[in-house]
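Letter by letter, the chains look like this.
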Amino acid sequence: MTDSGVRDAPRASLDIEHSHPNKPPSVEKVKQEELSPPSKAWIIRPNNYLPIVIILGQLILLFGGWTFYIVTSSRPVSLPDSTAVFTKNKPTLATLIFTNNILCFCYSLYARAIRYALRLSLSEPLSLFTINSAVKIASKSPILNIRKMKWTLAGLISIVALALQTAAWSTLLTPRPILVETSMTGTELDFSKEEVIRATNEAFTLDTDHGTDLPVAVGTLLLNSGHSAVDGRFGRPSPDDFNSFTFVNGTGGISPASLRLIPSVMGALLHSKTSLANLTHDLPVNFQLEKQIVSPRGFSTNYTITQQGMTVEVKCEQRALNGTTTPAFRVESPLGSEVVIGIAGDMTTYRQARGRAECGAAGQHNFTYLLNSAPHPFGVPNALYIASCEIPDEPVLQYILQGSGLYASIPTTLCTLKPQITRVGVHYTQFSTDASGHLDRIEVLDPSEVMDMPLPPSAQRSLVDDLLRASQLVERNHLGDSVVSFVDDVDGRRELNEILENHFRGSFEVAATIVRATYTQTNNSLYISGNTIPERLRAFSSGVYKTETIGWHHQSPTAPLALLSPTFVSLFSIVIVLTSVIRARTKNKAQEGSGQRAQLEYFDPGDMLHIMAASSTGAFKDPFPVYQADDAEFLKHAQKVKVRLVPPGESDAKASGPSGSTPQTYGHHSSGTTGQPLPLGLVQTTV
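Report follows, based on the coordinates. (Residues numbered from 1 in each chain as written. Predicted model: local features only at pLDDT ≥ 70, side-chain atom pairs only at ≥ 80, totals over all residues. Heavy atoms only, no water.)

Things to note about the overall build of the protein chain
Per the secondary structure count, the protein chain includes 15 helices and 20 strands. Considering the protein chain as a whole, with its 687 residues, one finds that 46% of them fall into the buried category. Within the protein chain, contacts between residues separated by at least 24 positions form 73% of all contacts whose residues are at least 6 apart in sequence. With the model as given, the accessible surface of the protein chain reaches about 33800 Å², and the carbon-plus-sulfur share is 57%. (Helix = DSSP H or I, 4+ residues; strand = E, 2+ residues; numbered from the N terminus. Buried < 20%, exposed > 50% of the residue type's maximum accessible area, 1.4 Å probe, protein only. Contact = heavy atoms within 4.5 Å. Areas by Shrake-Rupley, 256 points an atom, 1.4 Å probe, with all protein chains shown as cover.)

Laid out in structure tokens, this is it:
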């Protein structure tokens, strides 16, 4: 027997067994049942649950994506604190978690929709090229065939749509830093009211009746304040720390907005003999957020508030003053009599420098400096003599300065200060850290409104006077060192006056901030009855609070374009599934009673094992000539071959195509085998 005969023998014998005339009908029925798939519950049959899963999944992606975009474009949506910190620290891993999972789900549904539609379509003749192209589209592979430009274009569109879908979901779902905003309001002392100025002046006089006992931090701030203001004038940032806040280039005379209870260093300003000295002093919460927002640790927060500040309009000019001018100024003894002072048993000899200033109706002011008694290199002490004057009943202050020794470049100068109330924008930057809690940086912007103070602010003037007296040491002068350091950088008297003007302005503004903090802190002597500013003394302020976190907020007008690709893929998947289901149902109704069953639900055309098994069962290999990969005619012929999937129990006669044309034998001998039932298989059709 030839090889062909050996190969065909089992089939022939099988065919004979099927066609035996004496075979009982029950045996034939058993054979039919063996060829039929086992009966399963309706819901777990692929033809029933697959279209539901595909359509429902694509609808979830479609409506979920657009709903997510609409929500996140209308308002920011932030992640929980722990998730936000994790996302900031591990952005790549967060992208994989948020994006890749849903992309895998999208690709799976898309591929399953195409393979499901292809399986249903195989109940009718399809060319091998069509089958191969559909499988390539499902697997995101390109189709390169110049003779089939429609399929090539379809494959290109599919690849581009899926690639854009990757970018779209990544753009939509990847969490990014966002700003969450809310409005904020608060209260502070209103120094535009005479009652507040008068009350703080009286309270300060009582609190410092035995002398001002400034904390070290506050004294350092006062000494550095003028230098910081001049730095700001020349564009150099200079920070100063006060009450847990860091001011950049001056305080602007504001009281910092506090969103949390902050221990105040100003308690020591109150003399130890007062009844309030030993109480706890904190800066109370004086501003509230309209919507409570908490920034995760490691993220920054900033807010801008329009607040009431305090400053001075300063004008400095060089004047030739002596004992007869108005005002009169005279240094009577640059190196006066010696004086011996003992500190802790250590006796030190100093020289007393004396001077006098006459301020007209304000009377006479004497000043005395203790200077080093050792010989001076310039023959005169390194001193910056300063006297203050004030005009009665007018909120105007005057300071007279004259330098000697290292400060001889500062001639006799008269500076006039006019206190003013301002409205300033204050920019706060708050850094939340794991180690030290909050660090606040404050930058005061230029005033938007300015008005003269109705009364002289004696409390602020007293602090400035203390600063000027404390700046003179036995060998040097802090204010003089600062002014000379700037004068060395610039030339001309105009720059000297500008430096002095900014020095006085910065010092007065810090003094104003100290007074505000002193009578805003809890347990102060201005309103002992409570720790909240009385309504009659309040000024109201407002601003915008912004905090950074991680989440989603799609504000770009082009953001909806990112969803076009996912929308196209979802709608395409739904349409091809619905179309295939409707066509299959229509065909099933048309073939009812014919014995055909088009629900070939367990066959997967994208699975090579299924293809090979079905091709072998249908003897699909027989009609083909010898395979030659380099033979263009062979490939052209093979692509045009049409096949269809024969359901279990359908005879090979019905496998020949809808026209009823003569069937192929598919490896079966034609005698006595026509019309016999076949297993599930791929067979060639003549159509």
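Observations regarding the state of the cysteines
A full pass over the atoms with the stated rule returns two disulfides. The disulfide partner of C359 is C389, and the S-S distance across this bridge is 1.6 Å. In this structure, the disulfide formed by C359 and C389 twists by about -60 degrees around the S-S bond and is classed as left-handed. Of this pair, C359 sits in the loop between β12 (346–358) and β13 (364–372) while C389 is found in strand β14 (residues 383–390), placing the two residues 30 residues apart along the sequence. Looking at C389, the relative accessible area reads 4%, which means it is buried. In the protein chain, the bonded cysteines, numbered by position in the sequence, are linked as 1-4, 2-3. Here C104 stays unpaired: no disulfide links it, and the sulfur of C106, its closest cysteine neighbor, is 9.1 Å away. (Disulfide = S-S within 2.5 Å.)

Thoughts on the side chain of H554
Mapped onto the fold, H554 is located in the loop between β18 (538–552) and α13 (564–590). There is a polar contact of 3.2 Å between the side chain of H554 and the backbone oxygen of L172. When near neighbours in sequence (up to four residues on either side) are disregarded, H554 contacts F68, Y69, T72, S73, T171, L172 and A559. (Polar contact = N/O pair within 3.5 Å; in protein donor to acceptor, adjacent residues only side chain to side chain.)

A short note on the side chain of T311
Within the fold, T311 resides in strand β9 (residues 300–318). Residue classification places T311 among the buried positions, given a relative accessible area of 9%. Here the side chain of T311 touches E509 through a polar contact of 2.8 Å, side chain to side chain. Filtering out sequence-adjacent residues up to four positions away, T311 remains in contact with K418, P419, Q420, T422, R505, F508 and E509.

Examining the pairing of strand β5 (residues 245–248)
Inspection of the sheet shows strand β4 (residues 239–242) paired to β5 by four bridges, in the antiparallel sense. Across the sheet, residue F242 finds its bridge partner in β5, namely F245. Count of turn residues in the β4/β5 antiparallel hairpin: two residues, of which N243 carries a positive phi of about 55 degrees. (Pairing = 2+ DSSP bridges.)

A short note on a nonpolar patch on the surface
The grouping of L153, L156, I157, V160, L164, F568 and F572 at the surface amounts to a nonpolar patch, some 630 Å² of accessible area in total. Breaking the nonpolar patch down by element, the ones donating at least two residues are α7 (149–173) and α13. By residue number, the principal contributor to the nonpolar patch is α7, which donates five residues. For L164, the position within the fold is in helix α7. (Patch = residues over 30% accessible without salt bridge, like charges linked within 9 Å, V, L, I, M, F, W, Y side chains within 5 Å. Salt bridge = Lys/Arg side-chain N within 4 Å of Asp/Glu carboxyl O.)

Description of the nonpolar core
Core analysis: the biggest nonpolar cluster contains 86 residues, and F329, Y385, Y399 and L401 have the highest contact counts within it. Here this core takes eleven residues from helix α12 (residues 493–518), the largest share from any one element. Core analysis: the next-biggest nonpolar cluster, separate from the first, contains 41 residues, L120, A134, V641 and V643 among them. (Core = buried A, V, L, I, M, F, W, Y, C linked by side-chain atoms within 4.5 Å.)

Concerning the pattern of salt bridges
For the coordinates displayed, the defined rule picks out 13 salt bridges. In this structure, E194 engages R198 in a salt bridge whose closest nitrogen and oxygen atoms are separated by 3.5 Å. Here E194 pairs with R198, and both are found in helix α8 (residues 194–207), just four residues apart, close to one helical turn. Overall, R198 belongs to the partly exposed group, its relative accessible area being 40%. A salt bridge links K418 to D452; the shortest N-O distance between them is 3.3 Å. Residue K418 is found in strand β16 (residues 413–433), and its partner D452 is found in strand β17 (residues 437–452); the two are separated by 34 residues along the sequence.

Let's talk about the packing of aromatic side chains
Any aromatic ring pair is given by two values, namely how distant the centres are and how the planes are angled relative to each other. Within this structure, the stated rule accounts for 13 aromatic pairs. The interplanar angle of 40 degrees and the centroid separation of 5.8 Å between the aromatic rings of F367 and Y369 together place this pair among those described as tilted. Just as F367 is buried, Y369 falls in that class too. Between F568 and F572, the ring centres sit 6.1 Å apart and the planes meet at 15 degrees, which makes this aromatic pair stacked. A residue pair is termed a helical-turn pair when its members lie 3 or 4 positions apart in one helix, as F568 and F572 do in helix α13 at four residues. Classification of F572 as partly exposed rests on a relative accessible area of 33%. Among the aromatic side chains, those forming a connected cluster through ring pairs are F329, F367, Y369 and Y385. Directly above the ring of F129 sits K148, whose terminal nitrogen or CZ lies 5.5 Å from the centroid. (Phe/Tyr/Trp six-rings, centres within 6.5 Å; stacked < 30°, edge-to-face > 60°. Lys NZ or Arg CZ within 6 Å of the ring centre and 35° of its normal.)

Section: unusual backbone geometry
That bond from T326 to P327 is cis: its omega, -5 degrees, falls within 30 degrees of zero. One can find P327 in the loop between β9 and β10 (328–333). A positive phi angle, near 55 degrees, is found at N243, a position not held by glycine. Along the chain, N243 turns up in the loop between β4 and β5. Even without being glycine, N523 reaches a positive phi, approximately 60 degrees. Structurally, N523 is set in the loop between α12 and β18.

Some words on the environment of M310
Considering the arrangement of structural elements, one finds M310 in strand β9. Exposure remark for M310: the relative accessible area of 0% places this residue in the buried category. The spatial distance from the C-alpha of M310 to the C-alpha of A511 is 9.5 Å, given a sequence separation of 201 residues.

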